[in-house]
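Summary of structural features
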Amino acid sequence: MHIRSIRCLPQIRFLVQIKIDNLVKSRTLGQQFATGLITPTLAPHRWGAKKEGGFSCEKTGRMKMLKGKKISVIGGGKMGGALIGGILSRGLLPAGNVIVSDVARERLEDLKKAHGVQTTQDNKKAVKEADVIILAVKPQNMTEVLTELQGVLDKDKLTISIAAGISTDYIEGLLKKNARVIRVMPNTPAMIGEGATAIAGGSHATGEDLALARSLFDAVGISVFVKEDLMNAVTALSGSGPAYGFVIIDALSDAGVNMGLSRDVALKLAAQTLLGAAKLCLRGDKHPAELRDMVTSPGGTTIAGLKALEEGKLRATLMAAVEAATLRAGELGKKK
Ligand SMILES: NC(=O)c1ccc[n+]([C@@H]2O[C@H](COP(=O)([O-])OP(=O)(O)OC[C@H]3O[C@@H](n4cnc5c(N)ncnc54)[C@H](OP(=O)(O)O)[C@@H]3O)[C@@H](O)[C@H]2O)c1
């Protein structure tokens, strides 16, 4: 049944809610955890909840969880640097508890200057004292890094990999027995604290480990839990998604120019309009279709535009894009 017709009939909506509640109860804790039906944070991040600015319960909970922890980031490039910036700017950890290792000396100097973190070019040294290790090197460098660190990354340390297409099975196979591994797929808006991250636990990761991973990635946006076999879909949707967004913004800006607006004005209006629409969706109190209906008056301008979008098969094209990217992620994953 279409979601809007459920909204129109309170009795049916009530029954659907009971079914969902029973479904939630009938799942094991682990299943609920993996699918994001329950969240392990001390104060769970709610869909659409406003991000905290000051000392909310949520932030205090995260700080408690991370208190005294030492974090090592292997690979201080775009994502590694973004994560460090997010964690420190949110005050989740003092800079002294973060050490970053990279092969590039100048990158380390930049990170030290920007954040005051400890730096080294020696990966083994970086992980020695750390409780949590974030592997943020390119997928093609992962085998080399895991092999180098295999004697050190054991069950006493939590290893979090953000490398696209590298499974927890593969990582666990290269590390000591029972190593606690978590796989994560962030995206580039993490650089400005607006990332969308999916998290999946390996065979030996605990609930506490998942909660800790979530608190780290919530520092640079929002995060969700997924089963690992859905990571290719995540890569295709939110990992590659910023690129789709850029194309849409660019196309809308072209459309404005075509209708006589200056490039500057058209680009600003296009980007801010999508940002505003996204924020309204993330409030979570209305389905996107309901929000769309609110700006679509009978015989008006918006429905004329929407008709053109339907004729151009925008929805089907976006579905095809995510499907193609999911398949490609699978192919690339098999090559590693
Ligand atoms: N960027 C994204 O949109 C995105 C999204 C989701 C996930 N990811 C994942 O995030 C990971 C990092 O991506 P990125 O875009 O941040 O890459 P990046 O900017 O190239 O950062 C990786 C850093 O690791 C360094 N490095 C290479 N080999 C190393 C080694 N053996 N030990 C220590 N450091 C080493 C690299 O130095 P050199 O440059 O000198 O080699 C570079 O500074 C990738 O696995 C990627 O799949 C990225």
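What comes next is a walk through the structure. Given the structure is predicted, the values throughout are model-derived calculations rather than measurements.

What follows deals with unusual backbone geometry. Despite not being glycine, N178 shows a phi value in the positive range, around 65 degrees. Within the secondary structure, N178 is located in the loop between α9 (168-174) and β6 (180-185). Under the C-beta neighbour-count criterion, N178 is labelled exposed, with 12 such atoms within 10 Å. Positive phi, normally seen in glycine, also occurs at K313, with a value near 60 degrees.

Right, let's get into the pairing of strand β7 (residues 195-201). In terms of burial, β7 is a largely internal element, 7 of the 7 residues being buried. Neither face of β7 is exposed, since G195, T197, I199 and G201 on one face and A196, A198 and A200 on the opposite face are all buried. Here β7 runs beside strand β8 (residues 221-225); their pairing, made up of 5 bridges, is parallel. Paired with A198 across the strands is V224, a residue of β8. With helix α10 (residues 207-218) bridging β7 and the parallel β8, this β-α-β connection has right-handed handedness.

Once that is clear, we can look at the sheet that holds strand β1 (residues 71-74). Pairing between the strands of a sheet comes from backbone hydrogen bonds, and it takes one of two forms, parallel or antiparallel. Strands sit in the order β3-β2-β1-β4-β5-β6-β7-β8 across an open sheet of 8 strands; the sheet is mixed. Both edges of this open sheet fall to β3 (118-120) and β8, since each of them pairs with a single strand only. Each strand axis lies, on average, 25 degrees off the axis of its neighbour in the sheet, ignoring direction. Bridge analysis of strand β2 (residues 98-101) against β3 gives 3 bridges, and the strand direction is parallel. Note on β3: the bridge partner recorded for I99 is Q118.

It is worth spelling out the site of the ligand at this point. Taken together, 28 residues surround the ligand, and among them G75, G77, M79, A163 and A164 come closest. Residue assignment for the shell around the ligand shows that the elements contributing at least two residues are α5 (78-89) and α8 (139-149). When residues in the shell around the ligand are grouped by element, the largest group, 4 residues, is from α8. Tallied by class, residues from the shell around the ligand come to 13 nonpolar, 10 polar and 5 charged.

Where helix α12 (residues 241-258) contacts helix α13 (residues 263-283), the axes come no closer than 8 Å and their chain directions differ by 135 degrees. Overall, the two elements α12 and α13 adopt an arrangement that is oblique. Relative to α13, the crossing made by α12 is right-handed. Taken together, the residues of α13 that come into contact with α12 (itself represented by G245, I248, I249, L252, S253, G256 and V257) are R263, A266, L267, L269, A270, A271 and L274.

The rules behind these values
Residues numbered from 1 in each chain as written. Predicted model: local features only at pLDDT ≥ 70, side-chain atom pairs only at ≥ 80, totals over all residues. Helix = DSSP H or I, 4+ residues; strand = E, 2+ residues; numbered from the N terminus. Buried ≥ 20, exposed ≤ 12 C-beta atoms within 10 Å, placed from the backbone. Pairing = 2+ DSSP bridges. Right-handed = clockwise from strand over helix to strand, strands pointing away. Axes fitted to C-alpha atoms, helices over the stretch in contact; angles between N-to-C directions. Near = placed C-beta within 6 Å. Nonpolar A, V, L, I, M, F, W, Y, C, P; charged D, E, K, R; others polar. Parallel < 35°, antiparallel > 145°, perpendicular 65-115°, else oblique. Left-handed = near helix turned anticlockwise from the far one by under 90°. Contact = placed C-beta atoms within 7 Å.

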